[in-house]
Amino acid sequence: MGGTLFYSIAIGIPHIALTHNLEVEDIKLLFPVFGEEYWFSSCYISLLMISPLLNALISNVKQELYKYGVIILTVLVSVGPTILPWKTENYINNLLWFIYLYLLIGYLKKYHFFLSIKRNRIIFWTSYCMIFTSVYIFMRWSVTRDNFDRIIMFANEFSILVLASSISLFCIFVLKESKWNKCINEIAGTTFGIYLIHMHPMIKDSFWENIFKCSAWMESSFYAIFSIISIGLVFIGGFLIEETRKMICKWLGQYMGLNKVVIQYINDKCFNENRKAG
């Protein structure tokens, strides 16, 4: 949450000051928790705020009723939209999807319903191959970009195939013994900040068009190379910015004596509740 608020203000206020343009949408961007200004972050923070309620539901509901609820939700929010695509690009639908995933994982953890690594691998590769095949077939049939929604019909985030592959991959890593790696964890810890930087709604369009000029490279035979280089530069730049932010916030937290208080409050309200529910 701290990173989201930091980049919303650190990017938003200078952008408004430089462009001399203040609109309602700009004000909303300074408070990304409310609405759909940040897709993932807005929904994730909203999910954290209602997680104590969801944890109470997970802890107290009977298994049969819980199982019934998960099945019904799976049909409503995944199977249905896969067969008959519906408009999903809004905050409420995305938040509903996050709540469903939270309840689904809660069921798997509570009743240890992870299957075996072998079975999960079969589910993952079968789903992945079906997704790849569906995209290839629809790309062959669809000749214009207007049919993009049809092309990714079985490959969008609400698809039952994507859900199956994602959950099976999650179960594999839960069951598999993993080794702790400081370097990987350090890099992984910055990826959310990198996302917040380069996908900030105020600058993302001008960022890709004015700086990297992506449209000019679309028809180039070097587009693949350009994509790799530009993505690499964005990741490295975002990594350095996020590491700097973390160091500054850590220093301020220690200097002001708020670090331990805030961390303890978050642990008590969110993460400890999650452990009890699991």
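Note that the structure is predicted; figures quoted are calculated from it, not measured. (Residues numbered from 1 in each chain as written. Predicted model: local features only at pLDDT ≥ 70, side-chain atom pairs only at ≥ 80, totals over all residues. Heavy atoms only, no water.)

### Topic: the overall build of the chain
Okay, step 1: If you tally the helices and strands in the chain, you get 14 helices and zero strands.
Okay, step 2: When the helices and strands of the chain are placed in sequence order, the string is α-α-α-α-α-α-α-α-α-α-α-α-α-α.
Okay, step 3: Out of the 278 residues belonging to the chain, those deemed buried represent 33%.
Okay, step 4: On the chain, roughly 18400 Å² of surface is accessible, and the fraction owed to carbon and sulfur atoms is 69%. (Helix = DSSP H or I, 4+ residues; strand = E, 2+ residues; numbered from the N terminus. Buried < 20%, exposed > 50% of the residue type's maximum accessible area, 1.4 Å probe, protein only. Areas by Shrake-Rupley, 256 points an atom, 1.4 Å probe, with all protein chains shown as cover.)

### So, the nonpolar core
Note that soluble globular proteins tend to have their nonpolar side chains buried in a common cluster.
Okay, step 1: Ranked by size, the top nonpolar core spans 23 residues in total, and within it Y66 and W97 carry the most contacts.
Okay, step 2: Elements with a minimum of two residues in this core: α3 (39-60), α4 (63-83), α5 (91-110) and α8 (160-175).
Okay, step 3: If one sorts the elements of this core by residue count, α5 sits on top with 10 residues.
Okay, step 4: Core analysis: the second largest hydrophobic core is formed by five residues, F207, F212, C214 and V234 among them. (Core = buried A, V, L, I, M, F, W, Y, C linked by side-chain atoms within 4.5 Å.)

### Some words on the packing of aromatic side chains
Okay, step 1: Applying the stated rule across the entire model yields nine aromatic pairs.
Okay, step 2: Judged by centre distance (6.3 Å) and plane angle (70 degrees), the ring pair of Y66 and Y111 falls under edge-to-face. Here Y66 is found in helix α4, whereas its partner Y111 is found in the loop between α5 and α6 (117-141), with 45 residues between them in sequence.
Okay, step 3: Seen from their ring centres, F124 and Y128 are 6.1 Å apart, and the 20 degrees between their planes marks the pair as stacked. Taken together, the positions of F124 and Y128, both in helix α6 and four residues apart, correspond to about one turn of that helix.
Okay, step 4: Since its relative accessible area comes to 16%, F124 is described here as buried.
Okay, step 5: Taken together, the ring pairs connect Y66, Y107 and Y111 into an aromatic cluster. (Phe/Tyr/Trp six-rings, centres within 6.5 Å; stacked < 30°, edge-to-face > 60°.)

### Some thoughts on the pattern of salt bridges
Okay, step 1: Going through the model one piece at a time under the given rule, you end up with two salt bridges.
Okay, step 2: The partner of R245 in a salt bridge is E242, and the shortest N-O contact between them spans 2.9 Å. Note that R245 and E242 are positioned in helix α13 (residues 223-256) at a spacing of three residues, about one turn of the helix.
Okay, step 3: The partner of K246 in a salt bridge is E243, with the nearest N and O atoms 3.5 Å apart. On the criterion of helical spacing, the pair formed by K246 and E243 is a turn pair, its members being three residues apart in helix α13.
Okay, step 4: By relative accessible area, E243 is classed as buried at 17%. (Salt bridge = Lys/Arg side-chain N within 4 Å of Asp/Glu carboxyl O.)

### What to know about the side chain of S159
Okay, step 1: With respect to the helices, strands and loops of the structure, S159 is situated in the loop between α7 (148-151) and α8.
Okay, step 2: Residue class for S159 comes out buried when judged on its relative accessible area of 1%.
Okay, step 3: From its side chain, S159 meets the backbone nitrogen of L161 in a polar contact 3.1 Å long.
Okay, step 4: Sequence-distant contacts of S159, that is, excluding residues within four places in its chain, are made with S78, T82, M153 and F154. (Polar contact = N/O pair within 3.5 Å; in protein donor to acceptor, adjacent residues only side chain to side chain. Contact = heavy atoms within 4.5 Å.)

### Some words on a nonpolar patch on the surface
Okay, step 1: A cluster of nonpolar side chains, contributed by W217, M218, F222, Y223, I225, I229 and L233, occupies part of the molecular surface with about 660 Å² of accessible area.
Okay, step 2: Looking at the nonpolar patch element by element, the count peaks at four residues for α13.
Okay, step 3: With respect to the helices and strands, I229 occurs in helix α13. (Patch = residues over 30% accessible without salt bridge, like charges linked within 9 Å, V, L, I, M, F, W, Y side chains within 5 Å.)

As far as function goes, none of this settles anything; it's purely spatial.
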